[in-house]
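# Notes for the structure review
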Amino acid sequence: MFPYLRLARGYSTLDLFRWVLTTVASATVAALLLRALGRALSQPGDTTAGLDRLLWCLPALAAVGYLAASWARSLPLQRSARVTGMVAAGAGPLRMRLLLAGEIALACAVGALLALAGFLVLRAHWLELQPTESTRFDPALGVHAALPPAATLTLIALVPLLGGLAAAGAVRSADLLPGDDADQPQRRLSPAYLATALGLPAAGTATELAGLRQGGAVAVALGWLVAVVGLALAVPALLYLLGGLLAWGRPRTARLLAGRGLQAESWRLGTPLAVLAVTGAVAVALWHRIATGHGPDGALPLIDAVLLGIAVAGALLTRLAELAVARRAAYASLRRMGASGGLLRQSAALRVGAAALVVLATGTGAAALAAAALSS
């Protein structure tokens, strides 16, 4: 195992930034879980409130898992020389997947342990300083009750376990083998996928509207979930269709490059853009509900929103960096054939505009559905 660890060393500044950000996010999530445990210890009879606080920790956990998955997926693509060296040393896809998962899980574990250490230090501080008087930190720390070791370790272990599993599940075996995927055929939009991407939002919206008319909360929630999944699936399809429209007819060179490039990138770029549109829409709907006095008190929704924003932005920037690396060879060929920098910038601007239009359209639809579901 040590030869593989030696080959995996040599972090760049970007790698260190990812590691530190993963550690900080994991520490924040672990602190939220420990705070929920402290509240439960302070109010042992209020099981509903304890469950509600744990449920509010789920978005933060999902954010860390999504961040770990996106970064683990990008590492082999951005560090192809490292993958080649690992294969030359005799490591197969399974060992490299385990190594990536262990690397992400280690960062998550460091963050969780830092949060646990801070939690224990605060408990000891308040017990020594004011053992009998109540302070505003007592409910969150549970200082007047014994800390259960099993529950504490279980909550702390959730963070690295989720990060490691998400990292291991996100990496494909094809990404862990050296090679050039530039000659692979472009994935086309199938009629079945298009029918699913268009049918699910329509069916979900109809179910949600029927639930709103009849007062059925389950139907509203189910319809909203189906519609949002359909909108997320529609993002790659819309990107592909817009790319086809840009390249339709007799386009100029910039339009042709933008359209074909958008079609080639639609499947890899569609997932982070779909997550960006859906999470942004839900965050706006929740913020409006909280601003009108119908949401939970405290800073927990704000912390969830910040973590989700970091995870979505990190995943999107990571995917854009992957696409930039993949386009480097194509841009070099175009420059050798005499393409100007202005032409490439025009093509990139058209792609960005088309992607922004798709995000705005799907985000607006998801926000409207979320607002209707929350108002029921």
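Here we take up the overall build of the protein chain. When you go through the protein chain residue by residue, the secondary structure sums to twelve helices and zero strands. Ordered by position in the sequence, the α and β elements of the protein chain form the string α-α-α-α-α-α-α-α-α-α-α-α. Taking all 376 residues of the protein chain together, 39% fall into the buried category. The long-range fraction of contacts in the protein chain, counting pairs at least 24 apart against all pairs at least 6 apart in sequence, stands at 82%. Element-wise, carbon and sulfur atoms account for 69% of the exposed surface of the protein chain, whose accessible area totals about 19900 Å².

Bringing the environment of V226 into the picture now. If you trace the backbone, V226 turns up in helix α9 (residues 217-246). Sequence separation of V226 and P201 is 25 residues, and the distance between their C-alpha atoms is 6.7 Å. The contact partners of V226, leaving out residues within four places of it in the chain, are L200 and G204.

Attention now moves to the packing of helix α2 (residues 13-42) against helix α7 (residues 149-170). At a closest axis distance of 9 Å, the pairing of α2 and α7 adopts a crossing angle of 155 degrees. Classed by the angle they form, the pair α2 and α7 counts as roughly antiparallel. Taken as a pair, α2 and α7 cross one another with a handedness that is right-handed. Residue-level contacts link S26, V29, A30, L33, L34 and L37 of α2 to A151, T152, L155, I156 and V159 of α7. Grouping the amino acids of the contact of α2 with α7 by side-chain chemistry returns nine nonpolar, two polar and no charged.

What follows covers the environment of R327. With respect to the helices, strands and loops of the structure, R327 is situated in helix α11 (residues 300-336). For the pair R327 and E265, spaced 62 residues apart in the sequence, the C-alpha separation amounts to 9.9 Å. Ignoring sequence-local partners within four residues, the contact set of R327 consists of E265 and R351.

What follows concerns the packing of aromatic side chains. The tally for this structure, following the rule as stated, stands at two aromatic pairs. On the basis of an interplanar angle of 85 degrees and a centroid distance of 5.2 Å, the ring pair of Y193 and W267 is categorised as edge-to-face. In this pair, Y193 sits in helix α8 (residues 191-214) while W267 sits in helix α10 (residues 253-291), placing the two residues 74 residues apart along the sequence. There is no split in this pair, since Y193 and W267 are both buried. Ring geometry for Y240 versus W267: centroids 6.3 Å apart, planes at 40 degrees, classification tilted. Of this pair, Y240 sits in helix α9 while W267 sits in helix α10; the two residues are 27 residues apart in sequence, bridging distant segments of the chain.

This paragraph deals with a nonpolar patch on the surface. Taken together, the side chains of L51, L55 and L58 define a hydrophobic patch exposed on the protein surface, amounting to about 290 Å² of accessible area. Its relative accessible area of 47% is what places L55 among the partly exposed residues.

Turning next to the layout of surface pockets. Rolled over the atoms, a probe as big as a water molecule pinpoints where empty space is left. In this model, the second largest pocket occupies a volume close to 900 Å³. If you trace the second largest pocket, you find 33 residues lining it, with P59, T279, V282, L286 and L308 closest to the centre. Put simply, the parts of the chain that give the lining of the second largest pocket at least two residues each are α3 (47-78), α9, α10 and α11. Looking at which element gives the most residues to the lining of the second largest pocket, the answer is α10, with eleven residues.

A separate point is the nonpolar core. Of all hydrophobic cores here, the largest spans 35 residues; its most connected members are V29, A30, L33, I104, I156, V159 and L307. Contributing elements (two or more residues each) for this core: α2, α3, α5 (93-129), α7 and α11. The element best represented in this core is α3, accounting for ten residues. Contact partners of L307, with chain neighbours within four places excluded, come to A25, T28, V29, A60 and A63.

This next bit is on the packing of α9 against helix α12 (residues 341-374). When two helices pack together, you describe them by how their axes are tilted relative to each other and by the distance separating the axes. Axis separation between α9 and α12 bottoms out at 10 Å; the angle between their running directions is 165 degrees. In terms of orientation, α9 and α12 fall into the roughly antiparallel class. Of the two possible hands of crossing, α9 and α12 adopt the one that is right-handed. From α9, V220, W224, A227, L231, V235, L238, L239, L242 and L246 reach across to α12, where they touch L350, A354, A355, L357, V358, T362, G365, A366, L369, A370 and A373. Of the residues contributing to the contact of α9 with α12, the split by class is 18 nonpolar, two polar and no charged.

Taking 1.5 Å of rise per residue, the 30 residues of α9 would be expected to cover 44 Å, and the 42 Å separating its terminal C-alpha atoms lies within 8% of that figure. V235 marks where α9 bends most, by close to 30 degrees; the proline P236 follows one to four residues later.

Moving on, we get to the side chain of R351. By secondary structure assignment, the location of R351 is in helix α12. We classify R351 as buried; its relative accessible area is 8%. Ignoring sequence-local partners within four residues, the contact set of R351 consists of A258, G261, L262, E265, R327 and Y331.

The rules behind these values
Residues numbered from 1 in each chain as written. Predicted model: local features only at pLDDT ≥ 70, side-chain atom pairs only at ≥ 80, totals over all residues. Heavy atoms only, no water. Helix = DSSP H or I, 4+ residues; strand = E, 2+ residues; numbered from the N terminus. Buried < 20%, exposed > 50% of the residue type's maximum accessible area, 1.4 Å probe, protein only. Contact = heavy atoms within 4.5 Å. Areas by Shrake-Rupley, 256 points an atom, 1.4 Å probe, with all protein chains shown as cover. Axes fitted to C-alpha atoms, helices over the stretch in contact; angles between N-to-C directions. Parallel < 35°, antiparallel > 145°, perpendicular 65-115°, else oblique. Left-handed = near helix turned anticlockwise from the far one by under 90°. Nonpolar A, V, L, I, M, F, W, Y, C, P; charged D, E, K, R; others polar. Phe/Tyr/Trp six-rings, centres within 6.5 Å; stacked < 30°, edge-to-face > 60°. Patch = residues over 30% accessible without salt bridge, like charges linked within 9 Å, V, L, I, M, F, W, Y side chains within 5 Å. Salt bridge = Lys/Arg side-chain N within 4 Å of Asp/Glu carboxyl O. 1 Å grid on protein atoms, 1.4 Å probe; cavity = no way out; pocket = protein on both sides within 12 Å on 5 of 7 lines; lining within 4 Å. Points joined across faces, edges and corners; volume = space filled by probe spheres on them. Core = buried A, V, L, I, M, F, W, Y, C linked by side-chain atoms within 4.5 Å. Expected span 1.5 Å × (residues − 1). Bend = angle between axes of the 7 residues up to and from the residue.

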